[in-house]
Amino acid sequence: MSETTEKTMSARDYKSDLKPIWCPGCGNFGFLNALYLTFQELQLQPENTAVVSGIGCSSRLPGYVKTYAFNGVHGRVLPFASGVKMSRPETTVIAVGGDGDGFSIGAGHIGHAARKNINITYVVLDNNIYGLTKGQASPTTPLGVKTKTTYYGNMGMQFNPVRMLIAYKASFVARTFSGDPKHIRKVLVEAIRHNGFSFVEVLSPCVTFRGKDQFKIIRDKVRYLDEQHHADNELEAFDVANDEKELALGVIYKKPRPTYDEIINADVTTKAKAVSHGKPKVNKLMDQFKP
Amino acid sequence: MLNNKNIVIGIAGSGGDGVISAGEILVNAASSEGLFVFMLKSFGAQIRGGESSVRVRMSDLPVQSQGDRIDIMVVLSWSNFNRFKNELLLEEKVIIISDADDPMSDKDVPLSEEQRQYWYKIPFNKLSEEQTGGRQSKNIVMLGAISELFSLPKQALRKSIEKIFRNKPPEVTESNIKAMEAGTAYVQEHVEKTDPLAFEYESREARLVMQGNEAIAMGAIYAGLDFYAGYPITPSTEIMEWISRYLPQRDGISMQMEDELASINAILGASFAGKKAMTATSGPGISLMNEGIGLASMAELPVVIVNVQRGGPSTGLPTKTEQADLMQAIWGSHGDSPRVVIAPCDVEDCFDSTVLAFYISEKYQMPVIILSDQFIGHRKESINPKAIRGGKTGFRKIYHRDIPTDAELQDYHRFRNTENGVSPMSYPGIKGGEYLGSGIEHDEKGNPRSDAGNHARMTEKRWRKMDYIKKEFRFERFYGPRESKLGIIAWGSTKGAVKEAVNKANAMGIPVSALIPQLIYPFLIEPFKEFIQNKNRVIIPELSYAGQFRRYLRGFVRFAQYGVRVIPLRKTGVAPFAVEEILEKIIEEWKDMEARR
Ligand SMILES: Cc1ncc(C[n+]2csc(CCOP(=O)(O)OP(=O)(O)O)c2C)c(N)n1
Ligand code: SF4
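**Comments concerning the overall build of chain A**
Along chain A, the regular secondary structure elements total eleven helices and eight strands. Radius of gyration (C-alpha) of chain A: 20 Å, near the 19 Å computed for a compact globule of 291 residues. Dimensions along the principal axes, computed over C-alpha positions, put chain A at roughly 70 × 45 × 40 Å. Expressed as a percentage of its 291 residues, the buried residues of chain A come to 58%. A total of about 12300 Å² of accessible surface is found on chain A, and carbon and sulfur atoms cover 55% of it.

**What to know about the site of ligand 2**
Every residue close to ligand 2 is listed here: Trp22(A), Cys23(A), Cys26(A), Cys57(A), Asn127(A), Cys206(A), Val207(A), Thr208(A) and Phe209(A). In terms of residue class, the shell around ligand 2 is built from seven nonpolar, two polar and no charged.

**What to know about the nonpolar core**
In terms of nonpolar packing, the biggest core is built from 146 residues, with Phe197(A), Phe227(B), Met278(B), Phe473(B) and Ile489(B) touching the most fellow members. For this core, the element with the highest residue contribution is helix H12 (residues 347–364) of chain B, accounting for ten residues. Residues within four places of Phe197(A) in sequence aside, it is in contact with Leu78(A), Ala113(A), Ala114(A), Asn117(A), Ile118(A), Asn119(A), Ile120(A), Tyr122(A), Leu165(A), Ala170(A), Ser171(A) and Phe172(A). The next biggest cluster of nonpolar side chains, apart from the first, holds 48 residues, and it includes Val54(B), Phe124(B), Leu157(B) and Ile161(B).

**A look at the packing of aromatic side chains**
Aromatic ring pairs are described here by two measures, namely the spacing of the ring centres and the angle between the planes. Under the criterion given, the structure shown has 32 aromatic pairs over all chains. Between Tyr14(A) and Phe39(A) the ring centres are 5.3 Å apart and the planes differ by 70°, which places this aromatic pair in the edge-to-face class. A residue pair is termed long-range when its members are at least 10 positions apart, and Tyr14(A) in the segment before helix H1 (27–42) and Phe39(A) in helix H1 qualify at 25 residues. Tyr14(A) sits in the buried class, given a relative accessible area of 0%. Between the NZ or CZ atom of Arg482(B) and the centre of the ring of Phe478(B), over which it lies, the distance is 3.8 Å.

**Observations regarding the sheet that holds strand E21 (residues 565–570) of chain B**
Residues and elements named next belong to chain B. The strand order across the open sheet formed by five strands is E16-E18-E17-E20-E21, and the pairing between neighbours is mixed. The outermost strands of the open sheet, each flanked by one partner alone, are strand E16 (476–479) and E21. Averaged over all adjacent pairs, the angle separating strand axes in this sheet is 20°, with direction ignored. Bridge count for E16 against strand E18 (residues 512–517) is four bridges, and the pairing is antiparallel. Residue Tyr-479 lies in a different strand from E18, and its bridge partner there is Ala-514.

**Some thoughts on the domain arrangement of chain B**
Interface size is commonly expressed as the accessible surface area that is lost when the partners come together. Residues and elements named next belong to chain B. Taken domain by domain, chain B consists of domain 1 (6–206), domain 2 (210–388), domain 3 (406–472) and domain 4 (476–596). On a C-alpha basis, the centroid separation for the pair domain 2 and domain 3 is 25 Å. Taken together, the contacts link 22 residues of domain 2 with 24 residues of domain 3. Buried surface at the junction of domain 2 and domain 3, both sides included, amounts to about 1900 Å², of which 63% is carbon and sulfur. If you sort the residues of domain 2 by the area they bury against domain 3, Met-298, Glu-300 and Tyr-364 come out on top, with a joint share of 36%.

**A short note on the interface of chain B and chain A**
Facing 60 residues of chain B, the contacting portion of chain A comprises 52 residues. When chain B packs against chain A, the two sides together hide about 4700 Å² of surface, and 67% of this comes from carbon and sulfur. In terms of surface lost to chain A, no three residues of chain B exceed Gln249(B), Arg250(B) and Glu258(B), which account for 14% of the buried area on that side. Asp251(B) is paired through a salt bridge with Lys273(A); the nearest N and O atoms lie 2.5 Å apart. One can count 19 residue pairs in polar contact (both at pLDDT 80 or more) joining chain B with chain A. Of all the secondary structure elements, the ones that give two or more residues to the side of chain B that touches chain A are helix H1 (19–32), strand E7 (208–211), helix H7 (212–222), helix H8 (237–246), strand E9 (253–256), helix H9 (260–272), helix H10 (283–299) and strand E15 (436–438) of chain B. For the side of chain B that touches chain A, the element with the most residues is H9(B), which contributes eight residues.

**Digging into the pairing of strand E8 (residues 227–230) of chain B**
All names here are of chain B. Burial along E8 is two-sided: the face carrying Phe-227 and Ala-229 and the face carrying Tyr-228 and Gly-230 are both buried. In the sheet, E8 pairs with E9 via four bridges, with the strands oriented parallel. Its bridge partner being in E9, Gly-230 is matched across the sheet by Gln-256. This β-α-β element, E8 to H8 to E9, shows right-handed connectivity. Bridge count for E8 against strand E10 (residues 277–281) is two bridges, and the pairing is parallel. Bridging from a neighbouring strand, Tyr-228 pairs with Met-278 of E10.

Rules used in this analysis
- Residues numbered from 1 in each chain as written.
- Chains lettered and ligands numbered in written order.
- Predicted model: local features only at pLDDT ≥ 70, side-chain atom pairs only at ≥ 80, totals over all residues.
- Heavy atoms only, no water.
- Helix = DSSP H or I, 4+ residues; strand = E, 2+ residues; numbered from the N terminus.
- Rg over C-alpha atoms; globule rule 2.2 N^0.38 Å.
- Buried < 20%, exposed > 50% of the residue type's maximum accessible area, 1.4 Å probe, protein only.
- Areas by Shrake-Rupley, 256 points an atom, 1.4 Å probe, with all protein chains shown as cover.
- Near = heavy atom within 4 Å.
- Nonpolar A, V, L, I, M, F, W, Y, C, P; charged D, E, K, R; others polar.
- Core = buried A, V, L, I, M, F, W, Y, C linked by side-chain atoms within 4.5 Å.
- Contact = heavy atoms within 4.5 Å.
- Phe/Tyr/Trp six-rings, centres within 6.5 Å; stacked < 30°, edge-to-face > 60°.
- Lys NZ or Arg CZ within 6 Å of the ring centre and 35° of its normal.
- Pairing = 2+ DSSP bridges.
- Axes fitted to C-alpha atoms, helices over the stretch in contact; angles between N-to-C directions.
- Domains from an automatic or database assignment.
- Buried area = accessible area lost by both parts, 1.4 Å probe.
- Salt bridge = Lys/Arg side-chain N within 4 Å of Asp/Glu carboxyl O.
- Polar contact = N/O pair within 3.5 Å; in protein donor to acceptor, adjacent residues only side chain to side chain.
- Right-handed = clockwise from strand over helix to strand, strands pointing away.

Next up, the structure:
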């Protein structure tokens, strides 16, 4: 992360020339605006920031920020982000995607990015539906909901991302709501500042395929965590995560530990160099193939 | 036929017999004398223990293949030999060395009358017990015995034994040297040599011994690899094992990922971040990577992907070779997605090809696939000690990716439609170079666009790079008299048997020549045109039942127009081509051509 004061950046400076293709009223707008403000608050330098994504409505987001940006293939945002971060540790890397991108096709990657504690921020804009493909069931679509591919009602249980991320030993797990951009900004600032893998679930309604009343339904269902909550206590965090009737917003779990690149720098490289006594020439490495 | 300058030794036994280490000691000894060496290993299905065999060919003259038949067969236990009967074809006048106390009775031993002519029985186990108190040095006793019997380089063997035990306490080395000496003494005192074989060679500068997979790992490190991500899969895993050990010493990063989808996307991320990145895989893994390879074409990200082919489809034959991923390498992944395919044809070439792969991918900003196979990847071969300074292709250039100039950064177009299609590429850290990279079709700035005109323009831009690659590179190998009417076109690991068969045929007075393209794709027509101009027939041997290579060539080369008849010689994988198989086909076709004259 780089926070410098060389030129004061305003939120507008992070806006690209592209106009979002999202439907009017889409929850993603609230998040995008909060993201610009977060960048402003952190004074991130565009050249040292990368926003990367998979595929989906939500994954269009990198096109709307004036930083390094990448819109890859469906479900693979975390490996891509890991490659960027490990190659340029000084870059602030933000991975963005939808619930389908992250919890369905890309689900196999989350546990590993979390377990390795890759120092990136992963934002899932969770709208409980597949938006881009126009309204099919996603892993977070509630049981019984009729979608275009679950004509008689969704047969699968709704999936609880926050619970999964705590179980996966993510070192930072938070939930926020695109109806409350101020809260997003507060959570995001903390997530980006967190040294390690940070996961942020954004409840971000798809007004087109889940209905305009989603904002109200969610607003009625959420509560804000306060100082009473001990985010460093795993059991407490699980209790909060397990409550699916009332969705808690805020930092639910947070327990820093060494990041992947810290382990590489402190451990792997040291051990490797101790064996090789500095950076060996290729000629020298070839010596071992002498008979 | 026995040839004193060029011998093939087979060794078979159970897992605990030390078959592989005996083979390695032989290989190291011969290479330290500057001989040409080739070693293949074979295992039973068990992960550990179980039976194993090696085949070591050593020669005073350059050798290209594993050798068709075994001249000297060392059997540490007959029950295990049976398992490899079909892989270890014996010469009619083979020399057999077996344990004097083997429980199998002579009549049950699977040898013909002829093959029993030269059969020495040596009490490996007993001698080992006498010298070391255990049976574990029987393989070393055996080495002492055969070095005496066939005049193998004894001093070099002794040094190799010392080297293999160098990390053990000195007593271990001492007792093994004693075991070797006991084997030698036993032969001197108790064995009357009746066979005519005595190895003849001249000592030269020592050669290096490498596996194809090791050569790829080292080539990548030489080329400046920064970032590796991979997922273990036979027979490619050694590449990652070497890289995970040596890349960190050179300030690079090696990450083991959760699967191949993650591997390919992680290296794409590293490439986006301005680093030289590579992954290696095989079989099912390369199938999973295809979507990512298309992303590399579209987002114009330089990456190197190694496919060490194994038998397929599906899980197929993980430890066996085949050449049936050719079409997938060229056309795999959806859409018109340009990529380069290079096929190394031996171990030394693995190093060269990897250096070249990085050069092309970094210069032309696209995926480059190195199409190796299990036969090259896993075999040990002695290579030119100066290989590092430039092998046969001599290609040792390193390319540093074009980055935008200050002027270009004023109004940066990441995908600027330049003359050769290559657009300077920025990466995080470069101010003013921020852009959107994507797998979605985009314009020169990187903005998503789906109109026909833009798609046509950008597709053409990405493919134009292929034309420039064809202009810049031409590399193929050529053997035999150019004017011959009979020709062979082959690729990859089939080169070895083809080259040897061509040499043999030429020596027999049969004019035949061979062309081995190494830049497989983009397709450069010139070498083929030149080659087939005066040909009447061209044999195309390949380890692909579907005949992928022949079909591929036919898409570009108008054989009929040149009056050339194409003779397919295709078989499924597992066993690589034997020289005999190709030679027989050459003779058959040549006789037929002569008869029709
Ligand atoms: C390999 C692959 N399979 C399927 C698709 C089609 N597809 C594109 S986006 C998407 C789901 C989008 O849902 P989500 O990730 O929740 O994002 P949203 O559009 O709701 O923001 C699917 C199935 C694809 N692009 N790639
Ligand atoms: S389909 Fe839904 S998620 Fe996609 S842009 Fe429209 S409202 Fe947003």
